[in-house]
Amino acid sequence: NMTIKEKILSQLLSAKGEPISGQKLADELSISRTMIWKHLKALELEGYVIEAVKKKGYILLSIPDIVSKERITSYLETAQLGHNILYYPVCDSTQNIAAEKAREGAPHGTVVITEEQTAGRGRLERVWDSSANNGIWMSVIIRPEISPHMAPQFTLVSAVAITKAMEDLTGSAPEIKWPNDLLMNGKKVTGILTELQADMDRVQSIIIGIGVNVNQELESFEQSIQSIATSLKIETGNDINRAALVAKILYYLEKYTNMYVENGFEPIKLLWESYSCTIGKRIRAILLRETLEGTAIGISNDGVLQLRLDDGEIRGIYSADIHL
Ligand code: BT5
């Protein structure tokens, strides 16, 4: 039950660069040549590059790098995550849609993903710059059977998963800055926003919002963040296949989620520390009500940052903005 559009695409793809005539397409699909032409125009609007060769027919020259369900699925290696993908060409925030879907009962592993967000957000309602077709803007709904106090660690579990996926696909790993930033050359390439739906003693769902800057040029970013943001393309010089990176992230997110739920935080903590650029450094931590300075000496088994103040006192930090 392919749509006409999908049938045309599959014909063009199997022609492997040879022209295929409008008449042949029309005959095979039992529709008029005018309809074929309309569908080809629609495909071009989606980013497919199609060349019309006089008297011969149409050639598919390139496929857009979109993060559609079909493209992600073709790379997927997971048992559960990403088996239900909700794709939106544009939306306000995948986090909002995922929250609604989770309340309606969306299954464990549901992914909400988009090409562009008009109201992408970070922590504390900050704006998340999410321009069209060049990043990964997705929210993953997971339903682990854990108590709510174990939920914040999923920010760290996710950070390790995304780091591993980037390292696999690009050969270079970012550094993790506690709690939710991934940096390359000191600039932010990824932000994570973990939100929770829970009863007093049981998690209903955790919604992991993942924003990865992938194929942006520096000018693609809002002026205000050009000095602090970067993308994989800026750092590695290469265009990255976003759908493949999404699938890799889901692969490691599933692996480390299972590891955390089964074996506790210890193994994740070791991985996290090996990629961290926070531990051992002198930092300033801006909390909601105060600012602290000291040395970050580690994270505890519940993901809490341990800060040694200048007077020797050790403080556990649950949530803050860190300045290195
Ligand atoms: C974060 O917040 O880093 C979490 C970002 C999560 C975004 C994802 S995208 C999919 C899902 N749907 C959403 O609506 N959100 C999630 P925070 O630590 O508060 O950092 C926000 C700050 O990062 C902003 O105040 C800017 O300074 C900076 N920033 C904004 N957009 C950026 C970008 N694209 N790249 C790097 N830095 C950015």
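Everything discussed here concerns the structure shown above.
The numbering scheme is per chain: residues are counted from 1 as the chain's sequence reads. The predicted nature of this model means local features are confined to residues of pLDDT at least 70 and side-chain atom pairs, given and counted, to a pLDDT of 80 or more, with totals for whole chains, interfaces and linings taken over all residues. To get the side-chain values, all heavy atoms of the structure are used, and hydrogens and water are removed first.

Details of the overall build of the protein
Each helix is a run of DSSP H or I of at least 4 residues and each strand a run of E of at least 2, with the numbering of both proceeding from the N terminus. When you go through the protein residue by residue, the secondary structure sums to nine helices and 14 strands. The principal-axis extent of the C-alpha atoms belonging to the protein is close to 80 × 40 × 30 Å. Expressed as a percentage of its 324 residues, the buried residues of the protein come to 48%. Counting contacts in the protein only where the partners sit at least 6 residues apart, residues at least 24 apart contribute 62% of the total. When accessible area is computed with a 1.4 Å probe and restricted to protein chains, residues below 20% of their type maximum are described as buried, those above 50% as exposed, and intermediate ones as partly exposed. When checking whether two residues touch, look at their non-hydrogen atoms; a contact exists if any pair is within 4.5 Å.

Observations regarding the site of the ligand
For this description, a residue counts as near a given molecule or strand if any of its non-hydrogen atoms is within 4 Å of it. Close contacts around the ligand come from 28 residues, with Ser93, Arg121, Arg126, Lys188 and Asn213 the closest. In the model, a nitrogen atom of the ligand is placed 2.9 Å from a nitrogen or oxygen of the Gln117 side chain. The side chain of Asn213 places a nitrogen or oxygen atom 2.8 Å from a nitrogen atom of the ligand. Only the protein chains shown count as cover for residues, and the accessible areas themselves come from Shrake-Rupley with a 1.4 Å probe. Protein chains shield 92% of the accessible area of the ligand, which is 800 Å² for the free molecule. Throughout this description, a polar contact denotes any pair of N or O atoms lying within 3.5 Å of each other; where both atoms belong to protein, one of them has to be capable of donating a hydrogen while the other can accept it, and for residues adjacent in sequence the pair is counted only when both atoms sit in side chains.

Topic: unusual backbone geometry
The omega angle of the peptide bond from Trp178 to Pro179 is -5 degrees, so this bond is cis rather than trans. Mapped onto the secondary structure, Pro179 falls in the loop between β6 (175-177) and β7 (181-184).

Examining the layout of surface pockets
By volume, the largest pocket is sized at about 840 Å³. Detection works on a 1 Å grid of protein atoms alone, calling trapped sets that fit a 1.4 Å probe cavities and calling open sets with protein on both sides within 12 Å along at least five of seven lines pockets, with lining residues defined by an atom within 4 Å of a point. Together, 41 residues line the largest pocket, and Val127, Trp128, Asp181, Lys188 and Gly191 are the ones closest to its centre. Secondary structure elements with two or more residues in the lining of the largest pocket: α5 (94-103), β5 (135-142), β7, β8 (187-198), β9 (203-213) and β14 (321-323). A per-element tally of the lining of the largest pocket places β8 first, with five residues. The nonpolar class holds Ala, Val, Leu, Ile, Met, Phe, Trp, Tyr, Cys and Pro. Asp, Glu, Lys and Arg form the charged class, and all remaining residues, Gly among them, are polar. Taken together, the residues of the lining of the largest pocket break down into 17 nonpolar, 14 polar and 10 charged. Shared between two domains, the lining of the largest pocket holds at least three residues of each, these being domain 2 (69-275) and domain 3 (282-323). Looking at the second largest pocket, its volume works out to about 640 Å³. What lines the second largest pocket is a set of 29 residues, and nearest its centre among them are Arg123, Pro152, Pro179, Tyr318 and Ser319. Grid points are joined across faces, edges and corners, and a volume is the space filled by probe spheres set on the points. Reported domain spans reflect what an automatic or database domain assignment gives.

Focus on the pairing of strand β13 (residues 314-317)
Both strand β12 (residues 305-309) and β13 contribute to a ladder of four bridges, which runs antiparallel. In the strand pairing of β13, Arg308 is matched with Ile314. Counted along the chain from β12 to the antiparallel partner β13, the turn is four residues long, and its residue Gly312 has a positive phi close to 95 degrees. Pairing between strands is defined by DSSP: at least two bridges between the two strands are required.

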